[in-house]
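These are the residues of each chain, in order.
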Amino acid sequence: MLESPKSSKTSELSPKGSIKKLKIKEQTKAKGSAKGKRKQLGKKDEEVDISMASIGQPEIFPLVFTQKTQEILNCRINEDVTEEKPYKLLKKEDIIQDMKTRAAVSDFHPVKKIVLEYPGEELLVVLDTEFKYGQNFYLVATEEAKESFLNPPEAMEEEEGETKEGTTEEYVYKPPVRKPWVSLGSEKEIEEESVIESLKKIKYMISRVRREFGSKVKFTDRNASSVKDGYIECTSYQDKNFSIKKLEKDVGTQVVPKVREMSTQTKWTYPRNAATQYFPREFSDEEKELCLASEDLKEFIISVLLRVEIALQQNEIMNAFFDDWKALAEDESAFGGKSDAYLKEYQSFTDLHYLKHRTVSCVCWHPTIYGIIAVSVTERLSYEERIAQSGKLLLRKSPILFWSFSDPIHPQLMLECPEDIYCFEFCPSDPNIIAGGCMNGQVVLWDISEYEVKLQNAKTGAGGSKNAAVNMPTFIQAQQSDKEPHFVRYCAVSSIEYGHKTVITDIHWLPDYFEVNRMGIAFENRTGVCVQLVTCSPDCSILFWDLRAPKATIQSSFEKVKEEKAIEAPPDVPTTFKHLNLSWRPLIKANLSKSDTNGDYSPTKISLVEEHFHYKMQDKMQYQIKPEIFGDENPYKQLKVPSAKALKILENIPTNFFVGTEDGEVIYSDWKMERESDSGRLISQKPANKYIIHDGIVHTIQRSPFFKDIILSVGGWNFAIWKEGVTSGPILQSCCSSKRYTVGHWSLSRAGVFFIGREDGNIDIWDLLEKTHEPSQTQNISISMITCIKPWIVSSKQHFLAISDNFGTLHILEISWTLSHPSSNERASVLHYFEREVKHLDYFEQRQEFRAKERKELELETQRKKTRMAGGQKSREQMEEQMNINYVDFLDEEKKILTGLGLLKATDRFALNRTQ
């Protein structure tokens, strides 16, 4: 038997060096393994083993200490730790505090579990100047290794000293000498590791009489259900003994003569039952009549009648087909940790050429193409700086950029803008039609139908067919050859004279099942596509726009020729909306006039009852009139304003809307116009309600995608949730935040979740089912202000959240399972919460009225007491009132006395009054 008392590898640590040098091959292997482990660390920190166990040193964990970590823990290179003193003892509580403060950014995050389970109070960190283990520091993870590093054995040092000081001796070969074997106790370990069969083997002997060999087999019919154990189901199953993976095996070895053992066994397959029914067994008509007329059947029906009635009642009360296990799993998923509720970074987009010194003003996902997102950018200037640099800004237009997940560096498409675009939106009927609002108050339209194939083939890099490239202008072909994005010119722009006077802050498409006329009355839309827009601006106006060509008028031949020359457009510009270019006027102009003063409100955001949500079909009204058929041509080229006489008025279309203003007000009004009695001109209605809740400009006012009457407004330092129809105020109002809120958005998959961006680059995630007084969690996204938030649902398993900041960077975050998948009854729970808040608000108003009456009564009573005590003199009316009171008290006392003496009955009160 072979033994070695020092067979196990021990890592000996020295105070000056990190660890004694191993062989060159082992060093190379260690470095290679460390690099491989380091690559896997970025994917999943907590599951990757970065220790040096592969070279026999599992107590060593290489780490990268950044300059920030060195300053926090006072382990700066060449200052706190040097080559002469390469180690540093760090307190365990300081490391845990650093991991809590910096989370995944902490350099100790890969060894979080090692630090938490470390038994001592101080951990040893050693400077690795030679990068022996692949990083600049390494952590000693055991107390024994730490003590051996700090207090090395003196014997080893003496041996090293002797080896260094002594002279080299010539090696003399000595043949091995046979010695008797001396037991050191290793046979006990081998006996413990060896497998000893403790169970006695069972032997079976199967025999058969010799005369039955070769005899004929006789099969008979037998009812398997009538005999006990006559039918046994042996279904096939997966035997786990054949699928267990062997990860580790501890075997004791000993030098013994070679023994070879062989065995064989027939492979046993899984038994399966097979049955064949060749004809159904049925009762004859006579047997059926006999069975129905039997007394046994009647007694059976009477005995089970009560139980059947109870079962039917239970089926009416509760759903018998409800999957309790699925509901239980959903409830358990709601108790996930905070790590599962965080937003995970998926991708980011930025461009140093087009986005330099610019901020993202609006973000929109492409409604139909996966991985395509468009952003509009504006110059990052204040109002005074924009006025001072107005001449330069005319030469520098900020485009709308289309980004693709497949290419995060180069934009796929760029839309030319006459001015900086503050807001834009895809058309719900045709995603190739885009409408945007400019800083100068103009409305712009684009048609990207020619580039739809390029966006769809963005993953493969194909931009379309060769024939399409031949018809393009030369400058576009040059851009394509240099991998530059396609530059698309706008189709039409509205008239400056009749449009908004300041920046357009919000734009929406009206749904495709109704349209409005100049009076604001809703009519049916027979075209079947969206043809109208609504915009708002701080110039105190809300405008409605119609995309259709106006009715044809009689023109002279000279005017027609002049108009044709004026409308001629470059060959690369689509002619979809050429009838609107520079002559487009709004259909309705609604002003929000103040009721108490002569001024007007300045709206910044608008929310209509009928809004589009890409992930969910709205409850549209069904009409018998079918939309017109346009063929293969773009329907927007053939649209014309129909006759109002042939259209049907829709009475059930709500025309109310919410508006947020620059002064933090929330306005509830109606867009229907009224005729002035004196002049007969159309004027806007006065707002129905006005609320002052926010202490700053309103950045967001949006309806919930699950409840049409629930509205979220964000502005200043707080947010509020409103319910349409409740005129007393918001049903939920947050307290003032430490940082200003800049934008907000409802979740598209959970009714009680919404996201709010702040000016410090953080995102507050609110879950009304978990907390209502503070956000469920706050996550940092950027170092600058959050400007826009847009969620997107790709599939049931993939939800994205697009967040843009003030530096022009677009962050794409993946929403976790907890924040994207609702529980089975979340919608009902959130609705019940809103109803409770409405009742609480009504109760609060009633208590306010009751308290006001109480205060008024107390003031009157106090005034009376003061009047009585002032000078002791009373007025004539007060004296007469007091005399009447005293006289009534006297009559009552007299009646009691006479009744007690028996001189007067209880019914003779009026007689007493007459005699007196």
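Coordinates for the structure precede this section.
Computed from a prediction, not measured in an experiment: that's the story for all the values here.

K.L.:
Would you mind going over the overall build of the protein with me for this structure?
P.N.:
Assigned secondary structure in the protein consists of 20 helices and 37 strands. The contacts in the protein between residues at least 6 apart in sequence include a share of 63% that link residues at least 24 apart. When the accessible area of the protein is evaluated, it comes to approximately 60,800 Å², of which 53% is carbon and sulfur surface.

K.L.:
It is not clear to me how a nonpolar patch on the surface should be interpreted in this structure. Could you clarify?
P.N.:
Among the surface-exposed residues, Tyr887, Val888 and Phe890 lie close enough to one another that they form a single nonpolar patch of about 320 Å² accessible area. Looking at the element boundaries, Tyr887 is found in helix H19 (residues 876-901). Overall, Tyr887 belongs to the partly exposed group, its relative accessible area being 47%.

K.L.:
Honestly, the packing of aromatic side chains in this entry has me stumped. Any pointers?
P.N.:
In this description, an aromatic ring pair is defined by two values, namely the gap between the centres and the angle between the planes. Taken as a whole and judged by the stated rule, the model has 27 aromatic pairs. With a centroid separation of 5.4 Å and 70° between ring planes, the pair formed by Trp746 and Phe754 is classed as edge-to-face. Residue classification places Trp746 among the buried positions, given a relative accessible area of 0%. Take Phe754: its relative accessible area is 0%, and that puts it in the buried class. Taking 5.8 Å as the distance between ring centres and 50° as the angle between the ring planes, the aromatic pair formed by Tyr833 and Phe834 counts as tilted. On the basis of relative accessible area, Tyr833 is assigned to the buried category, the value being 9%. Given the relative accessible area of 2%, Phe834 is considered buried. Geometry around Tyr490 places Arg489 over its ring, the cationic atom sitting 5.7 Å from the centre. We note Arg585 situated over the ring of Tyr498; from NZ or CZ to the ring centre the distance is 3.8 Å.

K.L.:
Could you clarify how one ought to interpret the pairing of strand S11 (residues 433-438) in this entry?
P.N.:
In terms of residue burial, S11 counts as a mostly covered element, since 6 of its 6 residues are buried. Alternating residues of S11 divide into Ile433, Ala435 and Gly437 and Ile434, Gly436 and Cys438, and every residue in both groups is buried. Here strand S10 (residues 421-426) pairs with S11 via 5 bridges, running antiparallel. Looking at S11, one finds that Ile421 is bridged to Cys438. Two successive antiparallel strands, S10 and S11, enclose a turn made up of 6 residues. Alignment of S11 against strand S12 (residues 443-447), held across 5 bridges, turns out to be antiparallel.

K.L.:
Looking at this structure, how should I read the sheet that holds strand S22 (residues 656-661)?
P.N.:
Two pairing modes exist for strands in a sheet, parallel and antiparallel, and in both the strands are linked by backbone hydrogen bonds. As summarised here, the arrangement of the 4 strands in space is S21-S22-S23-S26, forming an open sheet in which the pairing is antiparallel. Since the sheet does not close on itself, it has two edges, and those belong to strand S21 (603-608) and strand S26 (689-692), each with one partner. When the angles between neighbouring strand axes are averaged without regard to direction, this sheet yields 20°. Here strand S23 (residues 665-670) pairs with S26 via 4 bridges, running antiparallel. Bridging across to S26, Val666 finds its partner in Tyr691.

K.L.:
How should I be thinking about the nonpolar core in this particular structure?
P.N.:
The nonpolar side chains of soluble globular proteins are, as a tendency, buried together. If you look at the biggest cluster of nonpolar residues, it comprises 24 residues, and the most contacted ones within it are Ile400, Phe402, Leu415, Phe424, Trp446 and Ile448. Elements supplying a minimum of two residues to this core: strand S6 (358-365), strand S7 (372-379), strand S8 (400-404), strand S9 (413-415), S10, S11 and S12. With 3 residues, the single largest contributor to this core is S10.

K.L.:
So what exactly am I meant to see when it comes to the environment of Val726 here?
P.N.:
By secondary structure assignment, the location of Val726 is in the loop between strand S29 (718-723) and strand S30 (732-733). Val726 sits in the buried class, given a relative accessible area of 15%. When neighbours within four sequence positions are excluded, Val726 is seen to be in contact with Tyr691, Val838 and Leu841.

K.L.:
Explain the side chain of Ser713 here, please?
P.N.:
Of note, Ser713 is situated in strand S28 (residues 710-715). Of the residues examined, Ser713 reaches a relative accessible area of 0% and is grouped as buried. Here the side chain of Ser713 touches Trp722 through a polar contact of 2.7 Å, side chain to side chain. Those residues in contact with Ser713, other than ones at most four positions away along the chain, are Val666, His694, Thr700, Ile701, Phe719, Ala720 and Trp722.

K.L.:
Help me understand the sheet that holds S12, please; the structure alone is not making it clear to me.
P.N.:
In space, the 4 strands of this open sheet follow the order S10-S11-S12-S14, with antiparallel pairing throughout. Looking at strand neighbours, the two that pair on one side only are S10 and strand S14 (492-493), the edges of this open sheet.

K.L.:
Honestly, H19 in this entry has me stumped. Any pointers?
P.N.:
Along an α-helix, a turn takes 3.6 residues, which lines up residues three or four apart on a common side. Its 26 residues place the ends of H19 38 Å apart at the C-alpha level, agreeing with the 38 Å of an ideal helix rising 1.5 Å per residue. One or two residues past the end of H19 sits Gly902, with phi positive at roughly 80°.

K.L.:
Whenever I open this one, the side chain of Thr809 confuses me. Can you help?
P.N.:
Of note, Thr809 is situated in the loop between strand S36 (798-805) and strand S37 (810-814). Among all residues touching Thr809, those that are not within four sequence positions of it are Phe349, Thr350, Val360, Ile803 and Ser804.

K.L.:
Hey, could you run me through a negative patch on the surface in this one?
P.N.:
Together, Glu189, Glu191, Glu192, Glu193, Glu248 and Asp250 line one region of the surface with negative charge. As for its placement among the helices and strands, Glu189 is situated in helix H7 (residues 186-193).

Criteria and cut-off values
Residues numbered from 1 in each chain as written. Predicted model: local features only at pLDDT ≥ 70, side-chain atom pairs only at ≥ 80, totals over all residues. Heavy atoms only, no water. Helix = DSSP H or I, 4+ residues; strand = E, 2+ residues; numbered from the N terminus. Contact = heavy atoms within 4.5 Å. Areas by Shrake-Rupley, 256 points an atom, 1.4 Å probe, with all protein chains shown as cover. Patch = residues over 30% accessible without salt bridge, like charges linked within 9 Å, V, L, I, M, F, W, Y side chains within 5 Å. Salt bridge = Lys/Arg side-chain N within 4 Å of Asp/Glu carboxyl O. Buried < 20%, exposed > 50% of the residue type's maximum accessible area, 1.4 Å probe, protein only. Phe/Tyr/Trp six-rings, centres within 6.5 Å; stacked < 30°, edge-to-face > 60°. Lys NZ or Arg CZ within 6 Å of the ring centre and 35° of its normal. Pairing = 2+ DSSP bridges. Axes fitted to C-alpha atoms, helices over the stretch in contact; angles between N-to-C directions. Core = buried A, V, L, I, M, F, W, Y, C linked by side-chain atoms within 4.5 Å. Polar contact = N/O pair within 3.5 Å; in protein donor to acceptor, adjacent residues only side chain to side chain. Expected span 1.5 Å × (residues − 1). Lys, Arg positive; Asp, Glu negative; His and termini not counted. Charge placed at Lys NZ, Arg CZ, Asp CG, Glu CD.

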